[in-house]
Amino acid sequence: MEYRKIKDEDKEGAIVAEDVESLRTKPLSVAGASSKWKRKTLVTLALTILTSSQAILIVWSKRAGKYEYSVTTANFLVETLKCALSVAALARIWKNEGVTEDNRLSTTLNEVIVYPIPAALYLVKNLLQYYIFAYVDAPGYQILKNLNIISTGVLYQLMLKKKLSEIQWAAFILLCAGCTTAQLNPSSDHVLQTPLQGWIMAIVMALLSGFAGVYTEAIIKKRPSRNINVQNFWLYVFGMAFNAVAILIQDFDAVINRGFFHGYSLITVLMILNHALSGIAVSMVMKYADNIVKVYSTSVAMLLTAVVSVFLFGFHLSLAFFIGTM
């Protein structure tokens, strides 16, 4: 009996100790969740602001309705800047934490060989976004850019095997209706403001962006412990290589005869900086959130773009645009 009493007392003591330990660790887990939520909110907010100014800067960089600079060189500089920012972030990490298995640049062929696919897709998509402005204005571009949500949602289910709920599918249908409504043009013989070429380019961009985004998210999350800056570095290295090829094919003579930076202005530099920071923000959203969060931040950016365009370009907020946006 005495032995059983002592044993029961030991068991009660162990339970109390376990309860005390759980109380100690609980605030830490809550703090960790809070920190993760703040980080996710911060990068999503940054992406929304950067995305809203992206279309405005592209339109603003045009002179007399055309680009004085080479869009392929601008894209190349965007990838170069993103790569440099990733290396700078890694250098700071190496200085503070040292080089580890997860933050070292050296890697295997199996890890690197997957990056050329999204890099090539982003190249075509990024070049198309310059040429689509021959058919749409900045707010119209942001409206059509919402087609990314539909392509991303479908590819999300097909590629990542993540089932979408009925309410999410209903939201996609509502989004299609919103995009179409916002493009209605009651003051013209043409039903839609954007011509067929603009719609085709927007759909192609949506498919490219959706596939590249979902594919990149799968790569990034395949090894969660891998530092995001290392993953970005390899993606941007291939981006630089593909853009260099694009310069040779499309603008080689112009670059040789007029110079690499011909036609550049302060707005062009700001546009390049914006694109670079947007790319970094997108990868961080994919790492700490997902593609659905990324594309819906684009939807919020649509409102900001429309408001700013009213003051900068005299954009008229029609009833169709307002209803479609809502």
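Residues numbered from 1 in each chain as written. Predicted model: local features only at pLDDT ≥ 70, side-chain atom pairs only at ≥ 80, totals over all residues. Heavy atoms only, no water.

Taking an unreviewed UniProt entry as the reference, the protein is identified by name as CMP-sialic acid transporter 4 belonging to Erythroxylum novogranatense. Of the protein, the UniProt comment under Subcellular location (unreviewed entry) reads exactly: "Membrane". (UniProt positions renumbered as here; feature names shortened; annotations may be inferred.)

Draft legend 1. Looking closely at the UniProt feature "transmembrane region" (unreviewed entry) in the protein. Feature annotation in UniProt assigns "transmembrane region" (unreviewed entry) to the following positions: residues 42–60, 196–220, 232–249, 261–288 and 300–323. For residues 196–220, helix accounts for 100% and strand for 0%, while the C-alpha atoms at its two ends are 36 Å apart. In residues 232–249, the share of helix is 100% and the share of strand is 0%. The end C-alpha atoms are 26 Å apart. (Helix = DSSP H or I, 4+ residues; strand = E, 2+ residues; numbered from the N terminus.)

Draft legend 2. Structural detail: the confidence of the model for the protein. Overall, the predicted model of the protein reaches an average pLDDT of 78, with 79% of residues at or above 70. In the model, residues 1–7 has pLDDT below 50 throughout and makes 0 contacts with residues more than four positions away in sequence or in other chains. When the criterion is pLDDT under 50, residues 14–26 qualifies, and its contacts beyond four places in sequence or with other chains add up to 0 contacts. (pLDDT = per-residue confidence, 0-100. Contact = heavy atoms within 4.5 Å.)

Draft legend 3. The packing of helix α4 (residues 116–131) against helix α9 (residues 228–250), seen in detail. Where α4 meets α9, the closest approach of the two axes is 9 Å, and the angle between their N-to-C directions is 50 degrees. The orientation of α4 relative to α9 falls into the category oblique. Crossing handedness for the pair α4 and α9: right-handed. Counting all contacts with α4, which are made through P116, P118, A119, A120, L123 and Y131, the residues of α9 involved are L235, F238, G239, F242, N243, A246 and Q250. Partitioned by chemical class, the residues of the contact of α4 with α9 number 10 nonpolar, 3 polar and no charged. (Axes fitted to C-alpha atoms, helices over the stretch in contact; angles between N-to-C directions. Parallel < 35°, antiparallel > 145°, perpendicular 65-115°, else oblique. Left-handed = near helix turned anticlockwise from the far one by under 90°. Nonpolar A, V, L, I, M, F, W, Y, C, P; charged D, E, K, R; others polar.)

Draft legend 4. Inspection of the environment of A202 at higher detail. Here A202 is to be found in helix α8 (residues 196–222). With 55 residues separating them along the chain, A202 and L147 place their C-alpha atoms 7.6 Å apart. Other than its neighbours up to four places away in sequence, A202 contacts I132, L144 and L147.

Draft legend 5. Just the environment of Y69, in detail. Following the sequence through the fold, Y69 ends up in the loop between α1 (2–60) and α2 (71–97). Ignoring anything within four residues of it in the chain, the contact list for Y69 reads S61, A74, Y130, H262, G263, Y264, T268 and M271. Polar contacts involving the side chain of Y69 include one to the side chain of S61, which spans 2.7 Å. (Polar contact = N/O pair within 3.5 Å; in protein donor to acceptor, adjacent residues only side chain to side chain.)

Draft legend 6. Structural context of the packing of α2 against α4. Look at α2 against α4: their axes get within 10 Å of each other, and the N-to-C directions meet at 130 degrees. When the axes of α2 and α4 are compared, the pair comes out oblique. Taken as a pair, α2 and α4 cross one another with a handedness that is right-handed. Contacts between α2 and α4 involve V71, T72, A74, N75 and E79 from the former and L123, N126, L127, Y130 and Y131 from the latter. Across the contact of α2 with α4, the residue classes tally to 6 nonpolar, 3 polar and 1 charged.

Draft legend 7. Highlighting the packing of aromatic side chains. Under the defined criterion, the tally for this structure stands at 8 aromatic pairs. Judged by centre distance (5.7 Å) and plane angle (85 degrees), the rings of Y67 and Y130 are edge-to-face. Of this pair, Y67 sits in the loop between α1 and α2 while Y130 sits in helix α4, placing them 63 residues apart in sequence. Here Y67 matches Y130 in class, with each residue buried. Ring centres 6.3 Å apart and planes at 75 degrees place the aromatic pair F76 and F260 in the edge-to-face group. Taken together, the residues span a long stretch of sequence, with F76 in helix α2 and F260 in the loop between α10 (252–258) and α11 (266–288) at a distance of 184 residues. Three or more aromatic residues link up through ring pairs in this structure, and these residues are Y67, Y69, F76, Y130, F260, F261 and Y264. Over the ring of Y67 we find K62, and its NZ or CZ is 5.4 Å from the ring centre. (Phe/Tyr/Trp six-rings, centres within 6.5 Å; stacked < 30°, edge-to-face > 60°. Buried < 20%, exposed > 50% of the residue type's maximum accessible area, 1.4 Å probe, protein only. Lys NZ or Arg CZ within 6 Å of the ring centre and 35° of its normal.)

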